[in-house]
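So you can see what is in the structure, the chains are spelled out below.
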Amino acid sequence: MKLRVLGCSGGIGGSQSRTTSFLVDDDILVDCGTGVGDLPLEVLSRIDHVFLTHAHLDHIAALPLLIDSVGELRSKPLLVHATPETIRILHSHIFNWLVWPDFSAIPDQHQPFMRFQPMMVGEHVDLRGRRITALPARHTVPAVAFCLDSGSGQLVFSGDTAYCPELIDAINAQPQLRHLILETAFADEQHGLALASRHLCPSMSLTVLAELNVAPVVHISHLKPGGSSRIMEELRAGLPVLALRRLEQGDVLEF
Ligand SMILES: [Zn+2]
Ligand SMILES: [Zn+2]
């Protein structure tokens, strides 16, 4: 599998600060942040599946516009995989005919442009030999992490999460973990803000990494613009021996 980073920033501000979205091969999106808007229409129209970690705007911002743009170009519904709680939030607060039309009922409910597919933590979806599994996470709204398994290796994406022992257990259970994309949204001086918003700061991320008994390449994502160099310095100071890098927009990870 090939994962291309369309965006991994914790905020906006210029063409290198798109919010979270990854294009997997040419038919899957993991999260649907502002980076999706950089893809040409014909690439957008080939996307058949969107997996959402949670309903926060930086992870779903492009979904309403995506479905509006490609709906009539496609012969089958775009499938949006998310937990029942996330689906409920999107239905109630975005696709509610007030903020945006309900594209799961357009042009009609039997053959809609978009279909929601509920997915519980621990469940997986198999797509032509590729397996995507929802893993536990802890955030201010119901949220999951994802494991992407190509059959010969895995990649785990934390989504947005605080310290979550169940997620660490799930990461350690991967037999051939090649890549870990771990959010670290705030610097340590904003420890209180990280706790309140259920994100990680470097001291917490270092605890997570110290508890791993697998050895993936670690990619740090979701850094708040303006704080990114400090976050990376704090991480590198705490674990100088670990292969750790900042995830960059445009990166391609193969596994
Ligand atoms: Zn969030
Ligand atoms: Zn976020």
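As annotated in an unreviewed UniProt entry, the protein is MBL fold metallo-hydrolase from Thauera mechernichensis.

Student: What is the right way to read the coordination of the zinc ion (ligand 2) from this model?
Tutor: Coordination of the zinc ion (ligand 2) by the protein comes from Asp58 (OD), His59 (NE2), Asp160 (OD) and His222 (NE2), over a distance range of 2.1 to 2.2 Å. Viewed at the metal, the 4 donor atoms of the zinc ion (ligand 2) are separated by angles of 89 to 166°, and the geometry they form is irregular. Motif for the zinc ion (ligand 2), donor spacing along one chain: D-H-x100-D-x61-H.

Student: Honestly, the packing of aromatic side chains in this entry has me stumped. Any pointers?
Tutor: The geometry of two aromatic rings is summed up by the distance between their centres and the angle between their planes. Under the definition given, this model contains 4 aromatic pairs. Aromatic pair Phe22 and Phe157: ring centres 4.8 Å apart, planes at 80°, arrangement edge-to-face. With Phe22 in strand β2 (residues 21-24) and Phe157 in strand β10 (residues 154-157), the pair connects residues that are 135 residues apart, well separated along the chain. As far as burial versus exposure is concerned, Phe22 and Phe157 are alike and both buried. Ring geometry for Phe103 against Phe113: centres 6.4 Å apart, planes inclined by 25°, an arrangement best described as stacked.

The rules we used
Along each chain, residue indices are assigned from 1 in the same order as the chain's sequence is written. Both sets of labels track the order of writing: A upward for chains, 1 upward for ligands. Whole-chain, interface and lining totals are the exception, using all residues; otherwise, since this is a predicted model, local features are given only for residues with pLDDT of at least 70 and side-chain atom pairs are given and counted only at 80 or more. Side-chain numbers here rest on the full set of heavy atoms in the structure, without hydrogens or water. Coordinating donors are taken to be N, O and S atoms lying within 2.8 Å of the metal, or within 3.2 Å when the metal is Na, K or Ca; because water is excluded from the atom set, some sites may appear incomplete. Only four donors with every angle between 85 and 135 degrees are called tetrahedral; only four or six donors with opposite donors over 155 degrees apart and all others between 65 and 115 are called square planar or octahedral, in that order; all others are irregular. Planes of paired rings set the category: under 30 degrees apart is stacked, over 60 is edge-to-face and the rest tilted, where pairs are Phe, Tyr or Trp rings (Trp by its six-membered ring) whose centres lie within 6.5 Å. Labels follow the DSSP assignment, with helices taken as runs of H or I lasting at least four residues and strands as runs of E lasting at least two, numbered in each case from the N terminus. Partly exposed residues are those whose accessible area sits between 20% and 50% of the maximum for their type, while under 20% is buried and over 50% is exposed, using a 1.4 Å probe and protein chains only.

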